[in-house]
Amino acid sequence: MITSIRRLTGGWILVLGVAMAACSPDQIVGGGTLPPGTQDPAITQTPAGAVAAYRGTLASFASPFGGAPYYFSHIVVAGVLSDELQTNSVGDLYGADPLDSRVLPEYSNPTLEPQSRALYVGDYSGLHQVRGQAEEARGLLRAYGGDSVRALVGHLYAIEGYSEIFLADLFCSGIPLSTVDYGGDYTYQPGSTTTEVYQHAVTFFDSATALATDSARVLNLARVGGGRALLALGRYAEAAQAVAAVSDGFQYVIAYAASGVASSAANFALVTPSNSAYPWVASVADREGGQGLDYRSSGDPRTRATAIGPNLFGTTLYHPDKYATDGSSPIVLADWVEARLIEAEAALQAGDVPTWLAKLNHLRETAITPALPDTTDPGTATARVDLLFRERAFWLFLTAHRQGDMRRLIRQYGRDQSQVYPTGLYPGGTGAYGSDVNAPVPALERQYNPKFTGCLTRGA
Amino acid sequence: MITRANRSAGVVVVALLLRWSTVAAAQQPDTASRADSVSKANAVPRLQNDLPPMQRVVSLNASNVRLESVLDEIDRQAGIELQYTARVVPVNRRITVHLTRVPVATALDSVLVGTGVHVVVTPTGRVMLVSLDTTPVDTGLGVLGGQVTDSLTGRPVHGAVITIEGSSVTSTTTDSGVFIFSGVRAGRRVVHAKRIGYLAAQSTVLVVDSQLVRVDILLKRAPAALDAVVVTATGSQLRRELGNDITILRADSIVATQPVSSVTELLATRVPGLSVEHSSGAPGDPARLRLRGAASINETNDPIILVDGTRLYYAQAAARSANLAGLVGTIYGNPNAPSPLDQIDPNSIETIEVFKGPSATTLYGPDAANGVIVITTKRGQAGPPRWTASFGHGMTEMPGAYPDAYFRFGSFGQFVQKGGVSSFCQPTQPCAVDSLVRFQALNDPKTTVLGRGSNTAVTVGVAGGVNALTYALNASVDNEVGLLKLPDVSAQQFTLNHGTAPPDWMQRPQTLNRWSMTSRLIAQLGSAADVSLSTFVTHETQQRSTLENVLGAFMDSYFDRVTGNFCSPGNANCYAIGGFSTRTTDDATNFTSSASLNWHPRTWLTASANAGLNVISRQDEDLHPSGLAPGSDSVGAIGIGHGSSLVKTVTLYATATAPLPFGFRSTTSFGANYVAASTADLQAHGAFLPAGTSEINPTVNQGSSNDQTDVASFGWFVEPRVNNNRFFVDAGLRLDGGTTYGTHVTLAAFPKVAVSYLVSNEPWFPGALKPVFNALRLRAAYGHAGVQPGIGDKLRLFSRSSTWLDGGVVDVAQLSSLGNTQIRPERSTEIEGGFDAEVLGDRVSIAVTGYRKMRYDALMSVPVAPSVYGGILSVERNIGTIRNTGLEVTFGTKLVRTDLFDWQLDLNLGRTHNLVTATNGGVPIQLGVGQRVVAGYPLFGYWAPRILGYADVDHDGIIGPSDVLISDSAVYLGAPVANYEVALHNRASLLRGTLTLEASLDYQDGLTQLNRVAVDNLWVSRGLNDPSAPAAEQAAAAAAFYNTPYGFFETVSTLRFTALSITYRLPAPLAQRLGASGMSVSMQGTNLGLWTRYSGKDPDVNTLATSNGGRIDAGTLPVPRLWQFRVNVAY
C-alpha cells in the first residue's frame, strides 16, 4: 500500500510540475498585455496620437483661461478679486463673497465650504492641469512626433509659461510646480516663490522661442509671454527687448464657440437663459471699493458694459460689451498692444517720458476704431504710473492682466494695497473689504503634497 | 435467519420491490392515510403503524439495565417484530440510555454501539439483529434496494445519491425515495446516502446471493449540522470535513412557506455575517451584500456568485449597474437597474451555500476574497412527472407617516408674492413672520405620490425522469407595481392642459415584469459518468420615472391650493411638479447555461469538468416626451443605453483518494479555473425630441459614448486532504494570473489550510458528555484570496474626444489616468476558528465562529495633489491594510416537540468590527461628503466638524449660526455598518404540520447614517423655522446650514418585524378532491414593524447601496410593507 501511495503522490507532483512548466496562468490570460478598450494608451503613441495630446493641451488651456461659463475661469476669478468685476454685490445666500470681498483664508476643509468660497480652487486646478498635460504631450511629441514638431513643442512651452504666469498673478508666494514625468510617475515639488514662478515661466518662453522659429504666431506668443513674465519680475528693459520683434497687428486669441454649437466651448461671458437664477454671475465693476477704476462710468469704449437686468436679488448686472453674450467671442491671450504697453513701461522706468507717452498714444490712435484722443503727460511720476496702469487696465480689460498689475503696483511701485484694491464697506455683507491681494494655495495641496507646507507669504 | 434462494428469485424480488415502492409512495402521510393491519400490535400507537418500522418513534429512559430489556422495550413501543438471538446479541450487557422520541433506527444504533451487531430489515418489514462477523458467504450477486426518508417528516427523500462502497455505481432515489441496485456482489456492503441539505448517512447490510436485501435510510435535515453535503470548489464534501463555517440555505423549503420573492430576500437575515442594505423600495431595486464586512476601498466588495458552477456577472458596485440610458443621469440621477442576482428565480433554487471569507474561498479564484455564494438549482428525480405550482398575490404600502416640514411665511422685501401664498421666509434673511405652517406633501392624500402597490407571482415546476435521465423545469412570472403614483393634483393639471389623462406609465411609474425559466437535465452516461445541463433565462422589464427622483423635492414643498403648484423655499419658487415626465425603462435578459461532466473511471478517481456562460443583455431608455412637462421642461429628450456582459467560466479538476496508514485516508484534488468577463456599453442621447417620436435621429445636441472592458484570470489549484473520519486536514494552493495585474506581478499565490476535528467521535471523549453532546467539532481555517485591480489601474490612460478648438471640432487626447505599473492584486488573509455542537440529541445546535480577516495591499485611490495635474486624477496604490474581526453565532433549538405542537427557534448573530490599520502614510482619504478612510478608524467612516457648543449669545430667542461653536477639524462620528445584527426566526408547527406559523425579527445595533434629505431640506426644518424647537435641534440645523451636517449623522439601532407567515396545509383528502396531491395556503407579510429613534423615514434606505461603501438616506423610497396571499399546489 505504501508503494501505491508513493506512486500516487509522485504522479501528482509530476502532473503538477509539468502543467506549471508548460502552461503558466499568466501566459494563458495574457497578463501584462493591455486590455482592449477605448482608452488604450497605445493610441497616443503614434504621430497622430501625440498631436492629439498636443491639441488636448490647448483644449485644456482654453477652459481655465476664459472658458468655463459662470465663475470658474481665471479671467473671472482674477477679475473678481481685482477691480474689474464684482459679484452680485449683495453676496449670496451664504453671505459675502470671499473673493470679491478679499477675505480668503486657507480653508481647513474646503469640501465643506460653500462652492463660491473656494472658486480659486478650480482655477488653481485648471492651470496646473494645463501644465501636466503639456508635459505629457511634449514627451509624446518628442517620442513619436518626428522632426516636424519643434514648433508644436515650442507652442506647449509657451502655453505652460502662460499658465505659470496666471498662477503667479493670482496665488500667494509658495506655489509648487510639481511635474508629470513622461513615461514614469510624477514628482512633487515644494512651493516656489512668486519670483521663482515667473522666472520658471521665462525659461519656458525662452524654450518656446528657440523651438518655434518657423512659426511666427507661436514665436510672438512666446515673445509677449516672455515680456510679460519679465515685467512681473521688474526686469523692464529685458521685457521690452523680448517683445521688440512683435510687430503691430499681432494677435493671439483663444477662440470659443457660441453656446449650443459645441459643448464646453463657450467663453465665460456666456449669458444663460433668462429664466435662470444666475443669468450672469459677475458684473462689470465701477469704482469698486473706491479704489477701483471707472470702467463703466468713464464711457471708454474699451470697457463699455451694458445692463442685462436684475439678478435674483434685484441687482442690475452689467455685461462687458467686448464679449458677446452667447460666449462666442475670442479672448486675446497676447497681442501687439501688450507688447507696446510693455515697451512703454520700460521707457517710463528708463525715464524716457516722451517715448512712454508716444507708445501709449500710438495705441490710442491705431489699436481701436474710431481712434481715441491722445492722452497727455500728467507731469508727476506717480500720475504717470497711474496713467500707465489705467491704460493697461483699459486696453487689457478682462484678459487676466489687471490682478497681476495691481500686485505689481504694490510690489514694484511701492503702493499700499489699500491704494490699489477695493476698500471700505463691502456692499454684499455686513463687514469691510479684507486685505488679501492674492489667493492661498488650496488646502488640498498641503493635504496631499508632502513637500508643500503652505504659502510662504501672502503679500503682493 | 438468512436463507439462500435461487438466482431467478432475484428477478421476482425486484418486481416485488418495485411494486412495494409504489405502495410505499402511496403511504406517505400527506398523500394517503391507508392503515395497514399490525400483526403484533402491542402498545404501538396507531399512527405509528403508518410508518416504516425503522421510522417509528420510541422513547427510552433506563439506567444500568440489561440490553435485552431495552430491546424488548423498543419492540414493545414500536411493534417491529425484532428478531435476534443471544448468540449474536450480548443481551446481558448493561447499558444506560436516555432517548426521547427518536426513530427506531436511532435507538437501535445507540443501544448497539460497540456490539458489532447490525440491523437488517427484510423485505417483509422484519427487523433482524445480525453479526456481520458471521457473514456466511461472500459470493454471488444479490439485489439491494430500499427507501430514503426524511427523519423529521417521514416523507420520502427524492434525489438522494446512493453509492455502495467499493463500487463506482451510483443511484438516485425516485420521487418515492426508492432506490435499487441489481447485481450487487454478495457480502457485507456499506451503503451511503447523500443529499444536499441533509446529513449524509450510511448503513451496513448483508447482500445475499440471489436475494433482495432491503435497507431503509433515514436522512436528517441539516440546517447547521455537521454531515450536511456542501458543494465546494473541488466537488461535494461533507461539512464536517471543512474547517470553515459555511451557511447552507435550503431554498426550496424556505420559499414554500415564507414570503420570499428574490434571492436577496432569501439571504437577508439568514446568514450570520451577511449584511444586506437596500438602495430603495422600488420594485427590483438592488441591495448591497457584504460578507464579513467591506475590506476594499476602490475595488469591488461584492461577493462572487456561482450558479451551478458558472460565474454570474455581479459587479453591483460598478457604475453600469445603474440605468445605462444616461439622459436621466445628466438631469436627475440614474435609477438603479435590478441586480443580476435577483434575476434568478428563487423557486428554481435547491440550495444556497455561502462561503464567507478567504479561508473558505481560496480556490475560487479572483475576487473570491469577498466571499462566494454558490447557488444550486433544483434537480429532477426518477419517476413520473411531479408538478408543483404556486400563486401569490399581495399588496404593498408605506407604513407610517413622513416627518412634517415647517414653512414660515411673511414679508421679505426682495421676494415677490408667488402663486397666492405669502413669501417664504428664508432662514438666512430677516423676515417678518406672519405664520408657521406644518405640512408634509407626502402625507396629504391629495398631493402625495405614494399609493398602494401590488405584486403577483405565478410559478410552475415539473420534475421527473428515469434513472438514466432526470429533469427539472421551472417557470415563473412576476408582476410588481410600486407605490409611486402621480399626485391627484398633477394628474388633474395634466388633463386640463392636454385634454387627456396622463398615460399609465406616468400614473403608476414603478413597475417590474419578469418571467423566468429554469431547467436542469442530468443524464447518466453508463455506470461511471454523468452529465448535467443547467440553464436559466430571465427577462425583465423595469419601469421607473423621474417622479421618484423628486421625492426629496416633495418633502420640502408646500402645496398652494390656489394655483395648484408646489412651492419650495429652497428655490424660492412655485412650480408644477414636472418630475413625472421622464420614463426610464430597463429591459434585461439574463441567460446562464452550464454543462458539468462527472466521471468516475476508478473507485479512487473522479474527474469533473464544468463550462458555463452567463450573458446579460440590457436595453435601457430614458424618454422625455416633448410637450408633456410644464415650462422649460417641455422640450423633449431621449437617451438610450445598450449594455451587455459576458462571463465565461471553465473549471476542470480531478480528485484521487488513497488509503494511508493508521486509518487515515488522503484525497487530492488538482484543477484549473478560467474566468473571463467582458462588458460593452453604448450610450446615446439627444434633445429637442419632436413630438410623437422616440428616436435619436431627429434630435439635436446629440452625444454618445461607449465603454468596453475585458478582464480574464486563470489559475491552477491543488488541494490535498487527509482524514481519519474524525480529524480532517485540508490544504490548498491557487496560483493566479490576471490581465489587470501589474506588469511586475504576473503570478499570485493564494494558499490555505483548514482543520476540522470531530472530538465527540474520539474514543477518549468523556462518556458522561456523550448523552449531552451528540456531536462536537472544533475547527480552524486559514487562507488567502485575492481581488483583482481595476481594469486600467496600471496604465497611464488618455481619453479621446472630439472637442471644439480654434474654429473646428478636432480629435484631442487628455490624460485620464496616471497609472501605476507596480500595482498588485489585493490580498486578503483570514483566520477563523470555532466549534459546532449538537446538544441533547438534535434538540439544540450551536455554531460559533470567530474570524480575523486582513486585507493587505488594499488598493487606495491616492489623491494626487493639484500641482501635478489639477487634482482631478488619482493613483491606485497598494498601500492600505484593513482588518475585519468578528463573531458569528448560529443557535437553533427545538423548544417544543410534540405530536401536536412543534416550535423551532433559530437565532443568527453576526458581529463585524472594521478597522483601517494603515493608509497612505497616515494621510486620510476623502471619499465624499463626510466619508473618509483614516488609519485607526473604520472604513468609510463618517467625519465632520463637531458642534462644540451653542448658546443664545445674541439673545434673539433662537439658536442661530452665530450662536453655534464649531470645531475646526472633523471628528469621527461612526461607521456606516451596524455593530452587530441579530436575526430571530421562529417556526411553530401545529397538528403535525397542518398549520405552520413563522415569524422573524431582526435587530441591528448602532449603524451611523447621514440623514441627507434632512440636510437638503433644511429650509423646512423645524430647527431653522420653529423658535420653540429644542435648542439642540436648532443648533444642528444652523450648523448644517452654514458649515457642518454634524447634527444629522445619526447613530441608530433598529428592531424590525421582518416577516410573518401562516401556512395551512390542507388535509390530503381535501387536496385530492381538488385534484392535487397536496395543497397549502399562506398569508404572509414582510416589513411589518420598525422600532427606531431615527429621525427620517427609515434608516434601511441607503442611496449609496450600490456603491462600495457609505450610507446616506437621500430620501429615496424605503422598502414598503407587504401583505400577500399564496397558494402552493403539488400534483
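Quick notes on the rules
Residues numbered from 1 in each chain as written. Chains lettered and ligands numbered in written order. Predicted model: local features only at pLDDT ≥ 70, side-chain atom pairs only at ≥ 80, totals over all residues. Heavy atoms only, no water. Pairing = 2+ DSSP bridges. Helix = DSSP H or I, 4+ residues; strand = E, 2+ residues; numbered from the N terminus. Axes fitted to C-alpha atoms, helices over the stretch in contact; angles between N-to-C directions. pLDDT = per-residue confidence, 0-100. Contact = heavy atoms within 4.5 Å. Salt bridge = Lys/Arg side-chain N within 4 Å of Asp/Glu carboxyl O. Buried < 20%, exposed > 50% of the residue type's maximum accessible area, 1.4 Å probe, protein only. Disulfide = S-S within 2.5 Å. Core = buried A, V, L, I, M, F, W, Y, C linked by side-chain atoms within 4.5 Å. Phe/Tyr/Trp six-rings, centres within 6.5 Å; stacked < 30°, edge-to-face > 60°. Parallel < 35°, antiparallel > 145°, perpendicular 65-115°, else oblique. Left-handed = near helix turned anticlockwise from the far one by under 90°. Nonpolar A, V, L, I, M, F, W, Y, C, P; charged D, E, K, R; others polar. Patch = residues over 30% accessible without salt bridge, like charges linked within 9 Å, V, L, I, M, F, W, Y side chains within 5 Å. Areas by Shrake-Rupley, 256 points an atom, 1.4 Å probe, with all protein chains shown as cover. Expected span 1.5 Å × (residues − 1).

*Asks:* Just checking my understanding: could you explain the sheet that holds strand β21 (residues 349–355) of chain B for this structure?
*Replies:* Whether parallel or antiparallel, the strands of a sheet pair through hydrogen bonds between backbone atoms. Residue and element names in this part refer to chain B. The five strands are arranged β16-β21-β22-β19-β20 in an open sheet whose pairing can be described as mixed. Edge strands, defined here as strands with exactly one partner in the open sheet, are β16 (246–250) and β20 (310–312). Taken over all neighbouring pairs, the strand axes of this sheet differ in orientation by 25° on average, direction set aside. Bridging between β16 and β21 involves five bridges; their strand directions are antiparallel. Looking at the pairing, Ile 246 lines up with Phe 355 of β21.

*Asks:* Even after reading the chapter, I still don't get the confidence of the model for chain A, so can you show me in this structure?
*Replies:* In regions of low pLDDT, the predicted coordinates are not meant to be interpreted in detail. Residues and elements named next belong to chain A. Per-residue confidence for chain A gives a mean pLDDT of 85, with 81% of residues at or over 70. Low confidence marks residues 20–39, where pLDDT is under 50. Its contacts with residues over four positions away, or in another chain, come to 44 contacts. In the predicted structure, residues 110–116 sits below a pLDDT of 50 and forms 11 contacts with residues beyond four places in sequence or in another chain.

*Asks:* Got a minute to help me understand the confidence of the model for chain B in this structure?
*Replies:* Residue and element names in this part refer to chain B. Here chain B averages 83 in pLDDT, and 88% of its residues register 70 or above. Across residues 1–47 the pLDDT falls below 50, and counting only partners more than four positions away or on other chains, this stretch makes 75 contacts in the model. Overall fold confidence for the complex sits at a pTM of 0.74, while the interface term, ipTM, reaches 0.90.

*Asks:* When you look at the pattern of salt bridges in this model, what are you seeing that I'm missing?
*Replies:* Two side chains that carry opposite charge are able to pair once their charged atoms sit near each other. A complete count under the given rule lists 63 salt bridges over all chains for this structure. A salt bridge links A:Arg340 to A:Asp248, with the nearest nitrogen and oxygen atoms 2.6 Å apart. Of this pair, A:Arg340 sits in helix α10 (residues 336–349) while A:Asp248 sits in the loop between α9 (236–243) and β6 (251–254), and the two are 92 residues apart along the sequence. Residue A:Asp248 is classed as partly exposed on the basis of its relative accessible area, which comes to 41%. The partner of B:Glu998 in a salt bridge is B:Arg987, with the nearest N and O atoms 3.4 Å apart. A residue pair is termed long-range when its members are at least 10 positions apart, and B:Glu998 in strand β53 (residues 995–1010) and B:Arg987 in strand β52 (residues 980–990) qualify at 11 residues. Residue B:Glu998 is classed as buried on the basis of its relative accessible area of 7%. Under the relative-accessibility criterion, B:Arg987 is labelled partly exposed at 35%. If you follow the salt bridges from partner to partner, you end up with B:Arg239, B:Asp245, B:Arg292, B:Lys356, B:Arg777, B:Arg779, B:Glu830, B:Glu832, B:Asp836 and B:Glu888 in one network.

*Asks:* When you look at the pairing of strand β23 (residues 383–397) of chain B in this model, what are you seeing that I'm missing?
*Replies:* Working note: regular strand, side chains alternate between the two faces of the sheet. Residues and elements named next belong to chain B. As judged from the 12 bridges shared by β23 and strand β27 (residues 453–466), these two strands associate in the antiparallel manner. Paired with Ala 389 across the bridge in β27 is Val 460. Here β23 runs beside strand β56 (residues 1121–1130); their pairing, made up of 10 bridges, is antiparallel. Across the sheet, residue Glu 397 finds its bridge partner in β56, namely Arg 1121.

*Asks:* Any chance you could explain the state of the cysteines here in plain terms?
*Replies:* Here a disulfide denotes one covalent bond, and it connects the sulfur atoms of two cysteines. Residue and element names in this part refer to chain A. By the definition in use, this model includes one disulfide over all chains. The side chain of Cys 172 participates in a disulfide bridge whose partner is Cys 455; the two sulfur atoms lie 2.0 Å from each other. On the sign convention where negative means left-handed, the S-S torsion of about -80° between Cys 172 and Cys 455 marks this disulfide as left-handed. With Cys 172 in the loop between α6 (150–170) and β2 (175–176) and Cys 455 in the segment after α15 (443–448), this pair connects stretches of sequence that are 283 residues apart.

*Asks:* What's the story with the nonpolar core in this structure? I'm lost.
*Replies:* Here is a general trend for soluble globular proteins: nonpolar side chains tend to be buried in one another's company. Membership of the largest hydrophobic core comes to 129 residues, with the highest contact counts inside it found for A:Phe61, A:Phe65, A:Tyr162, A:Phe166, A:Leu333 and A:Trp356. With 11 residues, α6(A) is the largest single contributor of residues to this core. Not counting chain neighbours up to four residues away, the residues in contact with A:Phe61 comprise A:Val130, A:Ile159, A:Tyr162, A:Ser163, A:Phe166, A:Ile254 and A:Leu333. Judged by nonpolar contacts, the second largest core, of 52 residues, contains B:Val489, B:Leu547, B:Val550 and B:Leu1117.

*Asks:* Any chance you could explain unusual backbone geometry here in plain terms?
*Replies:* Peptide bonds are mostly trans, and most non-glycine residues show a negative phi. Note that the residue after A:Thr369, namely A:Pro370, is joined by a cis bond; omega there is -10°. Structurally, the position occupied by A:Pro370 is in the loop between α11 (353–366) and α12 (381–395). With phi around 55°, B:Arg292 is a residue other than glycine that occupies positive phi space. Looking at where B:Arg292 falls in the secondary structure, it is placed in the loop between β18 (287–291) and β19 (304–307). A positive phi is found at B:Phe940, a non-glycine position, where the angle reads about 60°.

*Asks:* What should I look at first to understand the sheet that holds strand β7 (residues 161–164) of chain B in this one?
*Replies:* All names here are of chain B. Taken in spatial order, the four strands make up an open sheet running β8-β7-β10-β11, and their pairing is antiparallel. Either end of the sheet is taken by a strand with one partner, and the two such strands are β8 (170–172) and β11 (201–207). When strand polarity is set aside, the average angle formed by the axes of neighbouring strands in this sheet is 25°.

*Asks:* What is the right way to look at the packing of aromatic side chains in this model?
*Replies:* The description of an aromatic ring pair rests on the distance of the ring centres and on the angle between the ring planes. Residues and elements named next belong to chain B. Tallied over the entire structure, the rule returns 27 aromatic pairs over all chains. With a centroid separation of 5.5 Å and 90° between ring planes, the pair formed by Phe 714 and Trp 716 is classed as edge-to-face. Per residue, the accessibility class of Phe 714 equals that of Trp 716, and both read buried. Geometrically, the ring pair formed by Phe 727 and Tyr 757 is edge-to-face, given 5.3 Å between the ring centres and 85° between the ring planes.

*Asks:* Looking at this model, I keep getting lost on the packing of α11(A) against α12(A). Mind explaining?
*Replies:* In helix packing, the relevant descriptors are the interaxial angle and the interaxial distance, both defined with respect to the helix axes. All names here are of chain A. Between α11 and α12, the least distance of the axes is 12 Å, while the angle of their chain directions is 25°. Taken together, the axes of α11 and α12 lie roughly parallel to each other. Crossing handedness for the pair α11 and α12: left-handed. Side by side, α11 and α12 meet where Val 353, Trp 356, Leu 360, Leu 363 and Arg 364 of the first sit next to Arg 384, Leu 387, Leu 388, Glu 391 and Trp 395 of the second. For the contact of α11 with α12, a count of residues per class yields seven nonpolar, no polar and three charged.

*Asks:* For this particular structure, what's the right way to read a nonpolar patch on the surface?
*Replies:* All names here are of chain B. Taken together, the side chains of Trp 387, Phe 391, Val 458, Val 460, Val 477, Trp 515, Met 517 and Tyr 1131 make up a nonpolar region of the molecular surface, amounting to roughly 740 Å² of accessible area. Elements with a contribution of two residues or more to the nonpolar patch: β23, β27 and β29 (511–524). Relative accessible area serves as the criterion here: at 35%, Val 458 is assigned to the partly exposed category.

*Asks:* When you look at helix α15 (residues 1031–1042) of chain B in this model, what are you seeing that I'm missing?
*Replies:* Working note: α-helix, 3.6 residues per turn, so residues spaced by three or four point in the same direction. Residues and elements named next belong to chain B. Here α15 contains 12 residues, and its C-alpha end-to-end distance of 17 Å stays within 8% of the 16 Å for a straight helix at 1.5 Å per residue. Among all positions in α15, only Gln 1034, Ala 1035, Ala 1036, Ala 1037, Ala 1038, Ala 1039, Ala 1040 and Phe 1041 are buried. In the core, the buried residues of α15 are packed alongside β50 (941–950), β51 (964–974) and α14 (1022–1025).

*Asks:* Would you take a moment to explain the environment of B:Val537 for this structure?
*Replies:* Residue and element names in this part refer to chain B. Position of Val 537 relative to the elements: it lies in strand β30 (residues 529–545). Counting along the chain gives 79 residues from Val 537 to Ile 616, while the straight-line C-alpha distance between them is 9.7 Å. Leave out the neighbours within four places in its chain, and Val 537 touches Trp 515, Ser 516, Met 517, Thr 589, Asn 590 and Phe 591.

*Asks:* Any chance you could explain the environment of B:Thr149 here in plain terms?
*Replies:* Residues and elements named next belong to chain B. Position of Thr 149 relative to the elements: it lies in strand β6 (residues 141–150). Thr 149 gets classed as buried once you look at its relative accessible area, which sits at 2%. The sequence separation of Thr 149 and Arg 618 amounts to 469 residues, and the corresponding C-alpha distance is 45 Å.

*Asks:* Would you take a moment to explain the pairing of strand β10 (residues 331–335) of chain A for this structure?
*Replies:* Residues and elements named next belong to chain A. Counting buried positions over the five residues of β10 gives four, a clear majority of the element. In terms of strand pairing, β6 meets β10 through four bridges, oriented antiparallel. Considered in β10, the bridge of Tyr 252 is made with Ala 334.

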